[in-house]
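Observations on the three-dimensional arrangement
Residues per chain, in single letters:
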Amino acid sequence: MSTPSSTTTRPASTGLDRFFRISERGSTVAREVRGGVVTFFTMVYIVVLNPIILSGIKDGSGTFIGGVTDLNESKLLVAVGTAVIAGVMSILMGVVANFPIALAAGLGINGLIASMVLTHATAERITFADLMGLVVIEGLIITVLVMTGFRKAVFRAIPPPLKVAISVGIGLFIAFIGVIDAGFARRPSSPGSVPSELGIGGNLNGWPTLVFVVGVFLIAVLLIRRVKGAILIGIAAATALAMVLEAVFQIGPRVYTDKGLQNPEAWSLTVPKLPDSITNTPDLGILGQFSLLGSFGKLGLVTAVMFVFSLLLADFFDTMGTIVAIGGEAGLLDQEGNPPNTERILIVDSLAAVAGGAGGVSSNTSYIESASGVGEGARTGLASIVTGVLFLLATFLAPLFAIVPSEAAAPALVIVGFLMMQQVTNVDWSDLEVGIPAFLTIILMPFTYNITVGIGAGFIAWVLVRIAKGHAARIHPLLWAVSGLFVVYFVKAPLEQLLTR
């Protein structure tokens with residue numbers, strides 16, 4: 001018995017182990033490194049996707065984001081800025097909060113910024129820099145809410161059953177993301193049909209879909225056989241298969257034109273082939289391109305405030321849901337469903353919003369894809385540091401990291417979604433006061449492709465059900481306030497129209 005004891009306690013003598021509490025949380029340095037690598041490969045798509053969303057649109061100044069007139073230059077600026085901010089903030093999360101969660105530009109928020117430019121560029125002359133200024137303001141507001149304890153108080157006021165439902169809903173959501181990203185399920189090409197369907201026309205066409213299916217089953221088998229590094233092995237094997245298929249069949253990328261989607265059976269974002277060069281010289285010119293107050297004079301006070309309000313609620317509650325889900329999957333939550341170092345996690349996430357806006361690449365937020373690293377065994381902030389370092393390396397080695405297609409990384413999201421769904425048994429479904437709000441929370445996340453909507457619906461339903469049962473006195477005061485804010489969030493469009501008449 002003495003030999004195993006000495007073996008298990010030996011890592012605790014190192015400074016790295018003590019700082020990150022690796023052994024205390026039942027992990028090892030190797031598992032943390034593997035987890036950080038897996039998290040990186042499941043979210044590095046944002047380096048490709050963020051430029052696609054934000055570039056290609058000219059703002060009120062007549063230039064693309066980054067203040068340039070060349071589209072390719074704009075995309076490269078956004079890609080580098082995205083990777084730099086993600087790298088720095090993920091490392092900060094690991095060092096300050098010691099939590100296995102990485103950060104990057106938030107999907108949805110970048111789309112909102114792009115849509116605002118499309119809507120207001122011509123008449124109001126709005127620029128990307130103006131809107132990034134509003135992102136900075138939102139980040140500063142949410143940072144103040146953390147420092148005053150309000151954000152943590154709201155977090156602790158969430159009833160435990162809703163925290164479980166949030167985690168389960170996010171599990172279902174990320175599995176859905178994986179299925180959609182891989183093209184296994186898609187929006188039908190013919191109008192008036194079902195909202196989504198299997199593959200193309202109800203058939204699993206295309207070699208990329210095969211890569212996804214093989215990846216899912218390979219990771220599942222490896223997990224069942226308790227193979228260490230199952231998720232990372234699955235991603236690597238699926239990538240190797242993808243590269244072979246691309247070399248043999250010359251599949252190429254999906255292309256969107258004025259006539260619609262061309263080559264639908266091809267790779268969705270990244271073509272898995274060896275690049276001509278594995279290095280590039282990063283251009284940091286986009287960093288600092290924001291105008292703090294420029295939007296107020298162009299958009300008007302009401303529109304600018306409603307935009308900040310939308311960003312605020314999305315950042316505020318997306319992060320809460322994400323850290324609950326990650327903490328639950330990692331077994332790091334206390335009896336009330338709260339993760340360790342909650343305030344530190346929230347302060348880094350809030351500062352990430354400021355950094356993303358100031359960096360000109362959209363608000364950065366905690367990524368639910370970090371659950372893939374947790375599924376690989378990550379339990380500490382060391383995994384986040386590994387992910388952050390890889391993001392920084394990606395600014396120099398972008399062509400190399402671009403080899404992994406989303407079809408090879410998406411299987412990890414599906415498997416981790418399954419692991420997170422296992423918590424569904426912790427909800428008392430026989431109690432309708434609990435079951436109805438939990439059900440709405442879970443289903444509306446994937447159905448609306450929005451974590452905040454699911455959380456908001458759950459909060460409002462929790463309050464309404466208790467009122468209907470005559471239990472209004474049991475509702476936490478902060479739940480009343482937050483539910484009211486969510487009502488405003490859901491009706492913000494007609495409310496904005498009313499206020500601007």
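Quick look at the structure, then. (Residues numbered from 1 in each chain as written. Predicted model: local features only at pLDDT ≥ 70, side-chain atom pairs only at ≥ 80, totals over all residues. Heavy atoms only, no water.)

**Structural notes on the packing of aromatic side chains**
- Inspection of the entire model under this criterion finds 15 aromatic pairs.
- Both rings, one in Phe19 and one in Phe20, keep their centres 4.9 Å apart while their planes meet at 85°; by these two values the pair is edge-to-face.
- With a centroid separation of 4.8 Å and 50° between ring planes, the pair formed by Phe316 and Phe317 is classed as tilted. For the pair Phe316 and Phe317, one class covers both residues: buried.
- Members of the aromatic cluster, joined through ring pairs, are Phe150, Phe316, Phe317, Phe459, Phe486, Tyr489 and Phe490. (Phe/Tyr/Trp six-rings, centres within 6.5 Å; stacked < 30°, edge-to-face > 60°. Buried < 20%, exposed > 50% of the residue type's maximum accessible area, 1.4 Å probe, protein only.)

**Remarks on the packing of helix α3 (residues 29-43) against helix α16 (residues 381-394)**
- Running from N to C, α3 and α16 point in directions that differ by 45°, and their axes come no closer than 7 Å. What the angle tells us is that α3 and α16 run oblique. Here the hand of the crossing between α3 and α16 comes out right-handed. Contacts from Val29, Glu32, Val33, Gly35, Gly36, Val37, Thr39, Phe40 and Met43 of α3 reach α16 at Leu382, Ala383, Val386, Thr387, Leu390, Phe391 and Ala394.
- Of the residues belonging to the contact of α3 with α16, the class tally is eleven nonpolar, four polar and one charged. (Axes fitted to C-alpha atoms, helices over the stretch in contact; angles between N-to-C directions. Helix = DSSP H or I, 4+ residues; strand = E, 2+ residues; numbered from the N terminus. Parallel < 35°, antiparallel > 145°, perpendicular 65-115°, else oblique. Left-handed = near helix turned anticlockwise from the far one by under 90°. Contact = heavy atoms within 4.5 Å. Nonpolar A, V, L, I, M, F, W, Y, C, P; charged D, E, K, R; others polar.)

**Concerning the environment of Val434**
- With respect to the helices, strands and loops of the structure, Val434 is situated in helix α19 (residues 432-448).
- Its relative accessible area of 9% is what places Val434 among the buried residues.
- Counting along the chain gives 329 residues from Val434 to Ala105, while the straight-line C-alpha distance between them is 34 Å.
- Setting aside residues up to four positions removed in sequence, Val434 forms contacts with Pro161, Val427, Asp428, Trp462 and Arg466.

**Examining the pattern of salt bridges**
- Inspection of every chain in the model, using the stated rule, returns six salt bridges.
- Arg21 is the salt-bridge partner of Glu24, the closest N and O atoms lying 2.5 Å from each other.
- Arg21 gets classed as partly exposed once you look at its relative accessible area, which sits at 35%.
- Between Lys152 and Glu343 there is a salt bridge, with its nearest N and O atoms 4.0 Å apart. In this pair, Lys152 sits in helix α8 (residues 150-157) while Glu343 sits in helix α14 (residues 342-358), placing the two residues 191 residues apart along the sequence.
- By relative accessible area, which is 24% here, Lys152 ends up partly exposed. (Salt bridge = Lys/Arg side-chain N within 4 Å of Asp/Glu carboxyl O.)

**Regarding the layout of surface pockets**
- One number sums up the size of the second largest pocket: a volume of about 400 Å³.
- Residue lining of the second largest pocket: 21 residues in total, with Leu223, Val227, Lys228, Gly375 and Glu376 positioned closest to the centre.
- Class assignment of the residues belonging to the lining of the second largest pocket gives a composition of ten nonpolar, four polar and seven charged. (1 Å grid on protein atoms, 1.4 Å probe; cavity = no way out; pocket = protein on both sides within 12 Å on 5 of 7 lines; lining within 4 Å. Points joined across faces, edges and corners; volume = space filled by probe spheres on them.)

**Section: helix α9 (residues 160-181)**
- A rise of 1.5 Å per residue sets the reference length of α9, with its 22 residues, at 32 Å; its end C-alpha atoms lie 31 Å apart and thus fit the reference within 8%.
- Counting buried positions along α9 gives 16 out of 22 residues, so the element sits mostly inside the fold.
- At the C-terminal side of α9, Gly183 shows a positive phi close to 80°. (Expected span 1.5 Å × (residues − 1).)

**Here's the deal with empty space enclosed by the protein**
- If you walk through the whole model with that rule in mind, you get one cavity of 30 Å³ or more.
- Counted as a void, the largest cavity has a volume near 50 Å³.
- In terms of lining, the largest cavity is formed by 13 residues, of which the most central are Thr39, Pro100, Ile101, Ser370 and Ala383.
- Those elements that provide at least two residues to the lining of the largest cavity are α3, α15 (370-375) and α16.
- A class-by-class count of the residues in the lining of the largest cavity yields six nonpolar, seven polar and no charged.

**Some words on α16**
- If you check α16, its first and last C-alpha atoms are 20 Å apart, about what 14 residues at 1.5 Å a residue would give, namely 20 Å.
- Within α16, eleven of the 14 residues are buried, leaving the element largely enclosed by the surrounding structure.
- Considered for burial, the residues of α16 that qualify are Gly381, Leu382, Ala383, Ser384, Ile385, Val386, Thr387, Gly388, Leu390, Phe391 and Ala394.
- Buried-residue contacts for α16 involve α2 (15-20), α3, α4 (45-54), α5 (71-97) and α17 (398-401).
- Regarding α16, its N-cap is Thr380, as a side-chain oxygen of that residue lies 3.2 Å from the backbone nitrogen of Leu382 further along. (Polar contact = N/O pair within 3.5 Å; in protein donor to acceptor, adjacent residues only side chain to side chain.)

**With respect to a nonpolar patch on the surface**
- Side chains of Trp207, Leu210, Val214, Val244, Val248 and Phe249 sit close together on the surface and give an oily, nonpolar patch of about 520 Å² of accessible area.
- Put simply, the parts of the chain that give the nonpolar patch at least two residues each are α10 (207-224) and α11 (230-249).
- Assignment of secondary structure puts Leu210 in helix α10.
- Residue classification places Leu210 among the partly exposed positions, given a relative accessible area of 35%. (Patch = residues over 30% accessible without salt bridge, like charges linked within 9 Å, V, L, I, M, F, W, Y side chains within 5 Å. Areas by Shrake-Rupley, 256 points an atom, 1.4 Å probe, with all protein chains shown as cover.)

It is worth stressing that arrangement in space is one thing and function is another; only the former is reported here.
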